[in-house]
Amino acid sequence: MLVVEDEPLMAEAIRDGLRLEAIAADIAGDGDTALELLSINGYDIAVLDRDIPGPSGDDVAAHIVRSGSGIPILMLTAADRIDDKATGFELGADDYLTKPFDLQELVLRLRALDRRRGHSRPPVRELAGLRLDPFRREVYRDDRYIAVTRKQFAVLEVLMSAEGGVVSAEELLERAWDENADPFTNAVRITVSALRKRLGEPWVIATVPGVGYRIDPDEGERHE
């Protein structure tokens with residue numbers, strides 16, 4: 001998701017808290033940076049502070065609405081009067097949270113917005129004997145529940161969304177972590193290795209040397 005917040009400590013606290021919930025967030029400290037990131041990346045949700053340098057949060061919200069991307073908008077601001085909230089909703093906000101706030105409430109609101117989105121992908125993914133439920137945060141292999149960490153779940157969701165296609169380490173780092181992840185880190189290799197062991201033998205995650213990783217769509221049939 002995109003978090004637009006000009007207070008550095010607040011922005012870092014939000015991003016760190018979202019990471020603990022396996023939610024990757026990019027931070028923009030001003031309106032110009034927010035518009036630039038929106039032109040480059042595809043986001044699931046935008047969290048906007050209304051009072052930011054450059055184009056305001058209202059301007060960014062209007063841009064999102066005009067783009068037709070359908071990205072849900074959560075306004076995050078100290079302006080708590082009813083008329084302030086009314087103008088926010090009129091601009092296209094889907095939800096409104098005033099400062100100070102509890103991080104857990106922010107997470108709950110974000111998950112509610114995500115559930116209400118018109119997803120093009122099915123709510124439950126099934127491939128190679130694996131079943132991944134993104135809303136219940138559950139993984140099964142051959143109807144056996146597999147306990148995975150939040151980061152392992154995020155990686156598996158990206159791999160399964162490729163439907164057997166190869167996903168590079170760079171793409172996994174971008175989609176399951178965030179823009180500040182070290183591109184030279186071995187976190188992807190370590191996470192995939194641990195996930196592979198969690199899912200058990202025969203290994204269902206294949207490594208394509210020099211390219212990336214993929215879910216072997218035929219592994220489920222061979223295993224059966």
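Residues numbered from 1 in each chain as written. Predicted model: local features only at pLDDT ≥ 70, side-chain atom pairs only at ≥ 80, totals over all residues. Heavy atoms only, no water.

Turning our eyes to something else, we now look at the sheet that holds strand 9 (residues 144-146). Taking strand neighbours across the sheet as the criterion, the four strands line up as 6-7-8-9 in an open arrangement whose pairing is antiparallel. The strands lining the two open edges of the sheet, one partner per strand, are strand 6 (125-127) and strand 9. Here the average twist between neighbouring strands, direction ignored, is 25°. Pairing between strand 6 and strand 7 (residues 130-133): three bridges, direction antiparallel. Bridged to Arg125 within strand 7 is Leu132. Strands in contact with helix 6 (residues 150-161) are strand 6, strand 7 and strand 8 (138-141); relative to strand 7, the strand with the most contacts, it is inclined by about 115°. The strands touched by helix 8 (residues 187-199) are strand 7, strand 8 and strand 9; relative to strand 9, the strand with the most contacts, the crossing angle is about 155°. (Pairing = 2+ DSSP bridges. Helix = DSSP H or I, 4+ residues; strand = E, 2+ residues; numbered from the N terminus. Axes fitted to C-alpha atoms, helices over the stretch in contact; angles between N-to-C directions. Contact = heavy atoms within 4.5 Å.)

Counting 26 residues, the largest nonpolar core has Val155, Leu156, Leu159, Leu172, Leu199, Ile205 and Ile215 as the members making the most contacts within it. Looking at this core, the elements that each hand over two or more residues are strand 7, helix 6, helix 7 (169-176), helix 8 and strand 11 (212-215). With seven residues, the top contributor of residues to this core is helix 6. Look past the residues within four positions of Leu199 in its chain and what remains in contact with it is Leu130, Val139, Arg141, Arg144, Ile146, Leu156, Val204 and Ile205. Grouped together as the second largest cluster of nonpolar side chains are 18 residues, Ala28, Leu37, Val60 and Ala93 included. (Core = buried A, V, L, I, M, F, W, Y, C linked by side-chain atoms within 4.5 Å. Buried < 20%, exposed > 50% of the residue type's maximum accessible area, 1.4 Å probe, protein only.)

What follows covers the packing of helix 6 against helix 7. What describes two packed helices is the angle between their axes and the distance between those same axes. Viewed as axis vectors pointing N to C, helix 6 and helix 7 meet at an angle of 120°, and their least axial separation amounts to 10 Å. Judged by the angle between their axes, helix 6 and helix 7 are oblique. Helix-helix and strand crossings are classified by hand; for helix 6 and helix 7 the assignment is right-handed. Between helix 6 and helix 7, the contacting residues are Lys151, Ala154, Val155, Val158, Leu159 and Ser161 on the first element and Leu172, Arg175 and Ala176 on the second. A per-class count over the contact of helix 6 with helix 7 returns six nonpolar, one polar and two charged. (Parallel < 35°, antiparallel > 145°, perpendicular 65-115°, else oblique. Left-handed = near helix turned anticlockwise from the far one by under 90°. Nonpolar A, V, L, I, M, F, W, Y, C, P; charged D, E, K, R; others polar.)

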